[in-house]
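# Understanding the architecture of this molecule
The primary structure of each chain is shown beneath.
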Amino acid sequence: MSNSSLAADSLFLQTFQQAPIGMVLLSANGRRLRTNPCFCRLLGYREEELDGAELQDFIIPGEAVYPQVAVLALLQDKSGPALMSFRHREGYAVPLTVHAFAAEPQGIFVLYLQRSAERPAPLSRTSLSHREELFMEKIESILLESEQRYKSLFEYHPDGVFSMDLDGNYMEVNTAFEQMCGYSRDEIYYNGLDYSRITCPEDLELARAHFHNVVRGITQNFQCTFNPKHGEPVTVSVTYVPIIVEGLVAGVYGICKDITVEKRLWDELQESQRLYELISNNAMDIISYSDPEGRLQYVSPSVYRLTGYRPEELIGRPVFSLIYEEDLRRIYDYYISEGSDEAIHTYRCDHRNGTLVWFEAMVKLLRDPSGQVHSVLAVARDITERKRAEEAIAKSEEKYRRLIEDLPEGFIIHKEDRIVYANEMALRLLRAGHKNEIMNRSIYDFLDPEYKQAIEDRIRLIRSGNQVPAFTERLITVQGEPLDVEVRSFGMTFDDGPAIYSIFRDITETQKTQELLQHSEKLTMVGQMAAGIAHEIRNPLTAIKGFIKPLQSTAEDKLSYYEIVTSEINRIEQILNEPLVLAKPPKVIFRPQRLEHLLDHVGTLIASQAILSNVQIVSECEPDLPPIECDENQLKQVFINFMKNSVEAMPRGGLLHIKAARHSPDRLCIRIADQGAGFRRRSWPASASRSLRPRRTATAWV
């Protein structure tokens, strides 16, 4: 549809609705396009009742008169108005004076109809010549073609097409515009709808500014949001074109396209672009894009922080020039052998300052529809610290492995009762020539059946998270020989699964040594017993010897007897000195000891003798006594001697009271009291007093 056609259409439509006379718009072939309200009132119809009706349907024909031909003849008559009868809605004829003119640039006709008192003369078919009929048929064909073109360009246009007057009121709209704004044509025409009614308030100032510009004759293109009558807001792209008639702007022609989806996609694209730039510019990793030859087309700014090179220095440069040749060869070999489009590569690069940088890159080959690689996308991460940590861990593992291998004790790891690792000492202890002789075999293959149940119980405790003490068991070597070992087992994780490791050592020599020690201890015990017996015998002999002296002074007539007794006593003492030689004094070892524990232990030893003598032992210890540095055995012997003397001092029974308490901040007091008769000091002879003084025994440990 041309601009001049739209201009005429705008001028006519501006006065069409408010015209005081009936008006009808006809297409080039005489079909009714629109009728105004005044025409409807002349014939008594409502606008909606005329939908689908043609003008000739309301003309009352005369004899041999065809209404359509009459209309076409009227349109071709240039002489003046014509009188025609029209059928009223009530059925009677209404004479109307009809004026017709053609808007040739638009290819439409306009009829003006007014009431008339005259009877219109019917238009006879015979009044048209054959030449005129042919001409009319040709005109009708041209007008029909023009109408179809007009309808195709305007009515069936996929975008909203409209025209507006200079006040912004919509004069004509197509179906697409109706659907876009949600208003029917009648609502638009009769209600005088303008662009401000359907434009979103936020965009109203923008739309008003563009409308003022197009009224000044400047074509406008902009985007705004429509508020349809029903539904969600619609984003549209609007084009305003001024309609110029005889050098003046007579109206506005417009096209609006729904770009809601395109706008959303564009916004998403913009957001994606923004996020991409945000990620690319701030990513800790290097994002690169290169052609199939490896020349960099894009590299993210993080490359400067990781390599010391600025992005602009690397664009167009082969990325492979930064990679170590050894690593580059490995990458080439990978693609030659496997050809995978997605891969992870680890390689080394030189930093600009000369240091070494390790990278781990995720590389993807991008292919076109034909399968050819058109670009390479890579995301590289600095793993230098991780590599250093891995190397440190590898060195630590190597040291640990060497430590385990050189361990002087057997070390095995077993999972689900199967041996998965054994060190060299374990092979030697089990008499295995090679690891294959014991690997993947059950631990029960090397265990004496007598210990199977005990080992199963220990394994069950370890798997439940408990700790088990060292255990002595017997193994069976590869040659079937028994081997006594001491085993310590613990739970661990091995190859991402629960396992148990056991450390064992041969205790055959240890057992022999223990037997020798036990034999030596027995001999020592015999010596101690002999010394104890000698000591116990010497004590009464000393007392006898001491009492003989005063008796000897009072019996002078029997001195020979006393000399004999004294001689024999001396001889007994000499004999008792010989067992003391067997008692080797033990090495004195001072250790912290709890005094209350020592007294309880000694009380237990004396309890049996006390019961036989009807003696009751009462022990009283002050709470929280500090430990003392002492030789446990010697201090026990001291307590035993005191308690034994106290029990013997009460042959008829009594109470033995033992009390331990603080004497001062750095001293403890132990009191052992009995209910024996004791001695009266004034009745003691001088020799007896000397004999009862404290003495050190020959062994020096009592």
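Everything discussed here concerns the structure shown above.
What counts and what doesn't
- Residues numbered from 1 in each chain as written.
- Predicted model: local features only at pLDDT ≥ 70, side-chain atom pairs only at ≥ 80, totals over all residues.
- Heavy atoms only, no water.
- Helix = DSSP H or I, 4+ residues; strand = E, 2+ residues; numbered from the N terminus.
- Areas by Shrake-Rupley, 256 points an atom, 1.4 Å probe, with all protein chains shown as cover.
- 1 Å grid on protein atoms, 1.4 Å probe; cavity = no way out; pocket = protein on both sides within 12 Å on 5 of 7 lines; lining within 4 Å.
- Points joined across faces, edges and corners; volume = space filled by probe spheres on them.
- Pairing = 2+ DSSP bridges.
- Axes fitted to C-alpha atoms, helices over the stretch in contact; angles between N-to-C directions.
- Contact = heavy atoms within 4.5 Å.
- Salt bridge = Lys/Arg side-chain N within 4 Å of Asp/Glu carboxyl O.
- Buried < 20%, exposed > 50% of the residue type's maximum accessible area, 1.4 Å probe, protein only.
- Lys, Arg positive; Asp, Glu negative; His and termini not counted.
- Polar contact = N/O pair within 3.5 Å; in protein donor to acceptor, adjacent residues only side chain to side chain.

## Re the overall build of the protein
- Across its full length, the protein holds 20 helices and 25 strands.
- Split by element, the accessible area of the protein, about 42,500 Å² in all, is 53% carbon and sulfur.

## Points about empty space enclosed by the protein
- In the structure shown here, the tally under the stated rule is four cavities of 30 Å³ or more.
- In this structure, the largest cavity occupies an estimated 280 Å³ of space.
- Surrounding the largest cavity, 18 residues form its lining, Ile-412, His-414, Ile-443, Glu-473 and Ser-502 being those nearest its centre.
- Every element with two or more residues in the lining of the largest cavity is listed here: β16 (410-415), α15 (452-463), β18 (471-476), β19 (482-494) and β20 (497-506).

## Looking at the sheet that holds strand β24 (residues 654-664)
- Taken in spatial order, the three strands of this open sheet run β22-β24-β25, and their pairing is mixed. Every interior strand has two partners, whereas the edge strands, β22 (615-621) and β25 (667-673), have only one. Across the sheet, the axes of successive neighbouring strands diverge by a mean angle of 15°, strand direction being ignored.
- Inspection of the sheet shows β22 paired to β24 by seven bridges, in the parallel sense. By the bridge assignment for β24, Val-618 is matched with His-657.
- Contacts from helix α19 (residues 632-648) reach β22, β24 and β25 within the one sheet, and its direction differs from that of β25 by about 25°.

## Remarks on the pattern of salt bridges
- Per the stated rule, a full pass over the model turns up 31 salt bridges.
- A salt bridge links Asp-291 to Arg-295, with the nearest nitrogen and oxygen atoms 3.1 Å apart.
- The closest approach of N and O atoms between Arg-460 and Asp-457, which form a salt bridge, is 2.9 Å. Placement of both Arg-460 and Asp-457 in helix α15 is noted, with a separation of three residues, approximately one turn of the helix.
- On the accessibility criterion, Asp-457 (31% relative accessible area) is partly exposed.
- One network of salt bridges, in which partners are shared, links Arg-46, Glu-48, Glu-49 and Arg-89.

## With respect to the side chain of Asp-194
- With respect to the secondary-structure elements, Asp-194 resides in the loop between α6 (185-190) and α7 (195-198).
- Buried and without a salt bridge, Asp-194 has Arg-197 as its closest oppositely charged side chain, separated by 5.5 Å.
- A distance of 2.8 Å separates a polar atom in the side chain of Asp-194 from a polar atom in the side chain of Ser-196.

## Structural notes on the sheet that holds β16
- Read from one edge to the other, the open sheet built from five strands follows the order β17-β16-β20-β19-β18, with strand pairing classed as antiparallel. If you trace the sheet from one side to the other, it starts and ends with β17 (418-422) and β18, each paired once. Each strand of the sheet is rotated relative to its neighbour by a mean of 40°, with strand direction disregarded.
- Taken together, the 10 bridges between β19 and β20 define a ladder with antiparallel strand orientation. Across the sheet, Val-487 pairs through a bridge with Phe-504, a residue of β20.

## Looking at the environment of Arg-667
- For Arg-667, the location among the structural elements is in strand β25.
- Considered as a pair, Arg-667 and Ile-628 are 39 residues apart in the sequence and their alpha carbons are 9.4 Å apart.

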